[in-house]
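What follows is the residue order along each chain.
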Amino acid sequence: MSIKIRCNDYGYECDHVLDEELTMGLIGKLRDHFEEEHGLDYTIEAVTQMITNRGHSLESIKK
Ligand SMILES: [Zn+2]
């Protein structure tokens, strides 16, 4: 099952959307996007936290 992650939902005025299965790879892509587009050097842990804060359980994230 894929999920939609909109950069906009995380507080940035940005139309970047990731629409794919929730995996560590997806979290890595989102992290890279924050760094490349917004100059934010988040850790994987921080981005994982942002996603779980939006109601996605840690268990639902595939390795
Ligand atoms: Zn963005």
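This text follows the structure it describes.
As the structure is a computational prediction, the values presented were derived from the model and not from experiment.

Quick notes on the rules
- The residue count restarts for each chain, going from 1 along the sequence in the order it is written.
- The model is predicted, so local features are restricted to residues of pLDDT at least 70 and side-chain atom pairs to those at 80 or more, both for listing and for counting; the totals for chains, interfaces and linings are taken over all residues.
- Note that the side-chain values use all heavy atoms of the structure and ignore hydrogens as well as water.
- Definition used for salt bridges: Asp or Glu carboxyl oxygen within 4 Å of a side-chain nitrogen of Lys or Arg.
- Elements are defined by DSSP. Helices are runs of H or I of four residues or more, strands are runs of E of two residues or more, and each kind is numbered from the N terminus.
- Pairing of aromatic side chains requires ring centres within 6.5 Å, counting the rings of Phe and Tyr and the six-membered ring of Trp. Pairs whose planes differ by under 30 degrees are stacked, by over 60 edge-to-face, and all others tilted.
- By the criterion adopted, a ring carries a charge over it if an Arg CZ or a Lys NZ lies within 6 Å of its centre and within 35 degrees of its normal.
- To define axes, lines are fitted to C-alpha atoms, for helices over the stretch in contact only, and angles between the resulting N-to-C directions are given on a 0 to 180 degree scale.
- Each angle receives one of four descriptions, namely roughly parallel if under 35 degrees, roughly antiparallel if over 145, roughly perpendicular if within 65 to 115, and oblique otherwise.
- Residue contacts follow a heavy-atom distance rule, with two residues in contact if any of their heavy atoms lie within 4.5 Å.
- By the convention adopted, Pro, Cys, Tyr, Trp, Phe, Met, Ile, Leu, Val and Ala count as nonpolar, Lys, Arg, Asp and Glu as charged, and the other residues, Gly among them, as polar.
- Any nitrogen, oxygen or sulfur atom within 2.8 Å of a metal ion counts as a donor, with the limit raised to 3.2 Å for Na, K and Ca, and since water is left out, coordination shells can look unfinished.
- Remark: exposure states derive from per-residue accessible area (1.4 Å probe, protein chains only) relative to the maximum for the residue type, with buried under 20%, exposed over 50%, and partly exposed in between.
- Within this scheme, the nonpolar core is defined by two criteria: the residues are buried Ala, Val, Leu, Ile, Met, Phe, Trp, Tyr or Cys, and they are joined through side-chain atoms within 4.5 Å.

**Student:** Quick one: what's the story with the pattern of salt bridges, residue by residue and with numbers?
**Tutor:** Inspection of the entire model under this criterion finds seven salt bridges. Here Asp41 ties to Arg31 by a salt bridge, and the two come within 3.2 Å at their closest N and O atoms. Here the residue Asp41 occupies a position in the loop between helix 1 (24-38) and helix 2 (44-53), and Arg31 occupies one in helix 1, the gap between them amounting to ten residues.

**Student:** Help me get a handle on the packing of aromatic side chains, residues and values and all.
**Tutor:** Applying the stated criterion across every chain, the model contains three aromatic pairs. Consider the rings of Tyr10 and Phe34, whose centres lie 6.5 Å apart with planes at 70°: the pair is edge-to-face. Taken together, the residues Tyr10 in the loop between strand 1 (2-6) and strand 2 (17-21) and Phe34 in helix 1 connect sequence positions 24 residues apart. Put simply, the rings of Tyr10, Tyr12, Phe34 and Tyr42 pair up and form one aromatic cluster. It is Arg54 that lies over the ring of Tyr10; its NZ or CZ is 5.4 Å from the centre.

**Student:** Describe the packing of helix 1 against helix 2, naming the residues involved and giving the relevant values.
**Tutor:** Between helix 1 and helix 2, whose axes approach to 9 Å, the crossing angle comes to 105°. Judged on the interaxial angle alone, helix 2 and helix 1 are roughly perpendicular. Judged by residue contacts, Met24, Ile27, Gly28, Leu30, Arg31 and Phe34 of helix 1 engage Ile44, Val47, Thr48, Met50 and Ile51 from helix 2. Each residue belonging to the contact of helix 1 with helix 2 can be placed in one class, and the counts come to eight nonpolar, two polar and one charged.

**Student:** Could you give an account of the coordination of the zinc ion, with specific residues and numbers?
**Tutor:** Bound to the zinc ion on the protein side are Cys7 (SG), Cys14 (SG), His33 (NE2) and His38 (NE2), at distances that span 2.0 to 2.3 Å. In the primary structure, the donors to the zinc ion are separated according to the pattern C-x6-C-x18-H-x4-H. Taken as a pair, Cys7 in the loop between strand 1 and strand 2 and His38 in helix 1 lie far apart in primary sequence, 31 residues in all. We classify Cys7 as buried; its relative accessible area is 1%. By relative accessible area, which is 26% here, His38 ends up partly exposed.

**Student:** Describe the nonpolar core, with residues and values.
**Tutor:** Counting residues in hydrophobic clusters, the biggest one holds 16 residues, and the most contacted among them are Ile5, Tyr10, Leu30, Phe34 and Ile51. Mapped onto this core, the elements with two or more residues apiece are strand 1, helix 1 and helix 2. When residues of this core are assigned to their parent elements, the largest contribution, four residues, is made by helix 1. Those residues in contact with Phe34 that lie beyond four places of it in its chain are Cys7, Tyr10, Tyr12, Gly39, Leu40, Tyr42, Val47 and Met50.

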